[in-house]
Amino acid sequence: MHNEAPLISIVVIGIGLAFLLGTLANRLRTSPLAGYLVAGIAVGPFTPGFVADQALALQLAEIGEILLMFGVGLHFSVKDLLSVRAVAIPGAIAQVGVASVLGFGLALLLGWPPSAGIVFGLCLAVASTVVLLRTLQERRLVDTRRGHIAVGWLVTQDLITVLALVLLPAFAAVTHDAAGHASGPAGTEAILRTVAITLGKVAAFVALMLIVGRRAIPAVLHFVAHTGSRELFRLSVLSVALVVAWVATEVFGVSFALGAFVAGMVLSESQLSQRAAEETLPLRDAFAVLFFVSVGMLFDPSVLIKAPFGLIAAMVVVGIGTPVTTFFVLRRLGESWVTAATIAVGLAQVGEFSFLLADLGIALNVLPRAARDLILGTSILLILANPLLFALIERARPWLERHDPIPVPALTGETPAPEPEPVGLQPTLLADHVVLVGFGRVGRLVADELARHEAPLLVIEAGEGDVPLPEGGTIEVLRGNAADPAVLAAANLQAARLLLVAIPDAFEAGQIVEQARALRPDLRIIARAHFDAAVEHLSRHGANVVVMGEREIARSMLDWARPAVTSADTPSAA
Ligand code: AMP
């Protein structure tokens, strides 16, 4: 194909194909990620037909990572990060250590020199931030303790990678020299100096952000908000994310991901800036998709035939070695089975950091080229397997929770925060009950009032955060997405007296209403909407009453305004 505009081609074909195959994957009941990866393989150089520009794809993927980490930072405060440090830092160091040793052993088995083994081991030990975050987001786990530990773990791994990347050239020089003259002490000194400088730069960056950025960034946003231009305002938020990430990398030698994460964290301190920044994030999803496409593009399927032993062994290191170590380390640190299992499975993959390390290792002649194929093969196969493993953990979760022995006392002295209540789709035994979907700003107020009445209440909430139930009344919580037929089936709508759909998304609410109506043609359904088309959509799908937030606000404002307006009118009327 004629390819005069490679950037446009990759964006159009990459996103278009990812959409088609992602939808197909979803239909086949697997994660859309599998579809994105296959889209990447299809536009990659190892399959016939259109070949997209790999270097461009990787850069676009990098932007996706910046936006993703920025988004995660927005929901993270410094306090959150500090609260998991006692688990995340030692945990990540132990896990990276064990996985590196396993990778090192595998490299020796493959007949590579020990220096290659060290780099290969590290490549297999660091997980992909993008993959783990996407999985956590898909399952709405980012704001739970499990999510916080996972992010702290990723940040620690990220720092280890940054160190490894700067140390690799010095390490390569030492290993090459070792063959010639003895340069041991001088080499060690050089390495120590590089470590000190790198850590110093990271510390300087974080300090700068926490001292100056914390004040300057919200001030800039307020200033731009005064211009009254929404466009400029969004642009300012996006600039903050990109510029901070770029400066972090170019000036301080920190990774893009870490830079963006800290920028988001600084903004998260103010709830208003946080909300504003969230508006800019839809871009993030499109770029995150390109990340998976770019990983698919790098994959050469012939490695499956050329090096099956190496590939299987590398997959065992990452797919079994890492999660088993992580699980035991987390247990030792006092975490519950569910927390330990979720994070363990989440880390059972490798991605962008491993590719970076491998590329540098090959460029410096420390790592053989074959290592790259093994790492890519492992990456793609384990990214494909990851959603399945997560689904297994979700299924096993009720069992894990029931059989978790008395929690191991935390070595750190910190008691882990309580996990959200068990999920499990046990059908409710309630009858003549009210079903309330969504326990957010609206659902909570509704539940508070309903608890005062005698009707039993069943709350369906998809998020994993706390559901602080009001006092009194019979109340049950069902965890899950109410648009999922299995969740709705567990709500015993057949015997319910009322369904309240208190979620903001019109598409999802429409799905819920439609399914509920099919299950119970005579059920009274009250739904929430935020724009006229949504009111129409929900009514069409079977809601008896649709309450539109904005109209209610207007009505209430008028109620409050009326006395003032009428009293102003009165004198002239008199
Ligand atoms: P708010 O807009 O603050 O009232 O929050 C809406 C709440 O509904 C949030 O807590 C969401 O987690 C929850 N929610 C959104 N979609 C669904 C869904 N499909 N099923 C169950 N809960 C949902």
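Residues numbered from 1 in each chain as written. Predicted model: local features only at pLDDT ≥ 70, side-chain atom pairs only at ≥ 80, totals over all residues. Heavy atoms only, no water.

**Examining the overall build of the protein**
Definition in use: Put simply, DSSP H or I for four residues or longer makes a helix, DSSP E for two residues or longer makes a strand, and each gets a number counted from the N terminus. The globule rule used here is 2.2 Å times the number of residues to the 0.38 power, and the radius of gyration it is set against is calculated over C-alpha atoms. Burial here depends on accessible area, computed with a 1.4 Å probe over protein chains only, as a share of the maximum for the residue type. Under 20% is buried, over 50% is exposed, and the range in between is partly exposed.
Along the protein, the regular secondary structure elements total 23 helices and six strands. What you see for the protein is a C-alpha radius of gyration of 27 Å, in line with the 25 Å of a compact globule of 574 residues. Oriented by its inertia axes, the alpha-carbon framework of the protein measures out at about 105 × 60 × 60 Å. In the protein, buried positions account for 48% of the 574 residues.

**So, the site of the ligand**
The test is simple: Here a residue counts as near a molecule or strand whenever at least one of its heavy atoms sits within 4 Å of it. The definition of a polar contact used here is a pair of N or O atoms within 3.5 Å, where within protein one atom must be able to donate a hydrogen and the other to accept one, and adjacent residues in sequence count solely through side-chain atom pairs. Where accessible areas are quoted, they stem from the Shrake-Rupley method and a 1.4 Å probe; at the residue level, only the protein chains shown are allowed to cover. When residue character is reported, Ala, Val, Leu, Ile, Met, Phe, Trp, Tyr, Cys and Pro are called nonpolar, Asp, Glu, Lys and Arg charged, and the others, Gly included, polar.
Residues in close proximity to the ligand total 19 residues, the closest being R441, E461, N481, A482 and R528. E461 is positioned such that a nitrogen or oxygen atom in its side chain is 2.5 Å from an oxygen atom of the ligand. The separation between a nitrogen atom of the ligand and a polar side-chain atom of N481 is 2.6 Å. Compared with its free state, where it exposes 500 Å², the ligand has 86% of that area covered by protein. Contributing elements (two or more residues each) for the shell around the ligand: α19 (441-450), β2 (457-461) and α21 (506-519). Its residues placed into classes, the shell around the ligand shows nine nonpolar, five polar and five charged.

**A few points about the domain arrangement of the protein**
Convention followed: An automatic or database domain assignment is the source of the domain bounds shown. Joining two parts hides part of their accessible area as seen by a 1.4 Å probe, and the buried area is that hidden amount summed over both. By salt bridge we mean one thing: a side-chain nitrogen of Lys or Arg within 4 Å of a carboxyl oxygen of Asp or Glu.
Taken domain by domain, the protein consists of domain 1 (6-179 + 192-401) and domain 2 (434-563). Spacing between the C-alpha centres of domain 1 and domain 2 amounts to 37 Å. Between domain 1 and domain 2 lies a buried interface of about 420 Å² when both sides are counted; carbon and sulfur atoms form 41% of it. Where domain 1 touches domain 2, the interface holds zero salt bridges. Taken together, domain 1 and domain 2 are joined by zero residue pairs in polar contact (both at pLDDT 80 or more). Counted by class, the side of domain 1 that touches domain 2 contains one nonpolar, one polar and five charged residues.

**Side note on empty space enclosed by the protein**
So the rule is basically this: Throughout, the protein atoms alone are placed on a 1 Å grid, and a set of points is a cavity if a 1.4 Å probe fits but cannot get out or a pocket if it is open with protein on both sides within 12 Å along at least five of seven lines; lining residues have an atom within 4 Å of a point. Grid points are joined across faces, edges and corners, and a volume is the space filled by probe spheres set on the points.
By the definition in use, this model includes two cavities of 30 Å³ or more. Volume-wise, the largest cavity comes out at about 40 Å³. As for the largest cavity, its lining consists of S31, L33, R134, T135, E138, R139 and P387. Taken together, the residues of the lining of the largest cavity break down into two nonpolar, two polar and three charged.

**Concerning the sheet that holds β2**
Under the convention used in this document: Strand pairing follows a simple DSSP-based rule, namely that at least 2 bridges must link the two strands. Interaxial angle, 0 to 180 degrees, is taken between N-to-C directions of lines fitted to C-alpha atoms, where a helix line uses only the stretch in contact. Note on contacts: a residue pair is in contact if any heavy atoms of the two residues lie within 4.5 Å.
Sheet architecture is open: six strands sit in the order β3-β2-β1-β4-β5-β6, paired in parallel fashion. Lying at the two open borders of the sheet, with one neighbouring strand each, are β3 (475-479) and β6 (545-548). Neighbour to neighbour, the strand axes of the sheet diverge by 15° on average, direction disregarded. With three bridges connecting them, strand β4 (residues 498-501) and strand β5 (residues 525-529) associate as parallel partners. The residue bridging L499 from the neighbouring strand is I525, located in β5. Its contacts with the sheet put α19 on β1 (434-437), β2, β4 and β5, and the angle it makes with β1 is roughly 160°.

**Digging into the pattern of salt bridges**
Side chains that differ in sign of charge can pair as their charged atoms come close. Taken as a whole and judged by the stated rule, the model has 13 salt bridges. Residues R397 and E401 are paired through a salt bridge, measuring 3.2 Å at the closest nitrogen-oxygen approach. Within this pair, R397 and its partner E401 are both found in helix α18 (residues 369-403), separated by four residues, close to a single helical turn. Overall, R397 belongs to the buried group, its relative accessible area being 1%. Of the charged contacts in the structure, one is a salt bridge between D559 and R562, with a shortest N-O distance of 3.1 Å. Of this pair, D559 and R562 both sit in helix α23 (residues 549-573), three residues apart, which is roughly one turn of the helix. Classification of D559 as partly exposed rests on a relative accessible area of 44%. Beyond isolated ion pairs, a larger network of salt bridges with shared partners links D432, E454 and R497.

**Focus: a nonpolar patch on the surface**
Inclusion rule: Note on patches: the residues involved have over 30% relative accessible area and no salt bridge, like charges join within 9 Å, and the nonpolar side chains Val, Leu, Ile, Met, Phe, Trp and Tyr join within 5 Å.
Taken together, the side chains of L7, I8, V11, V12 and I15 present a nonpolar region at the surface, about 400 Å² in accessible area. Relative to the helices and strands, I15 resides in helix α1 (residues 6-27). According to the relative accessible area criterion, I15 is partly exposed, its value standing at 30%.

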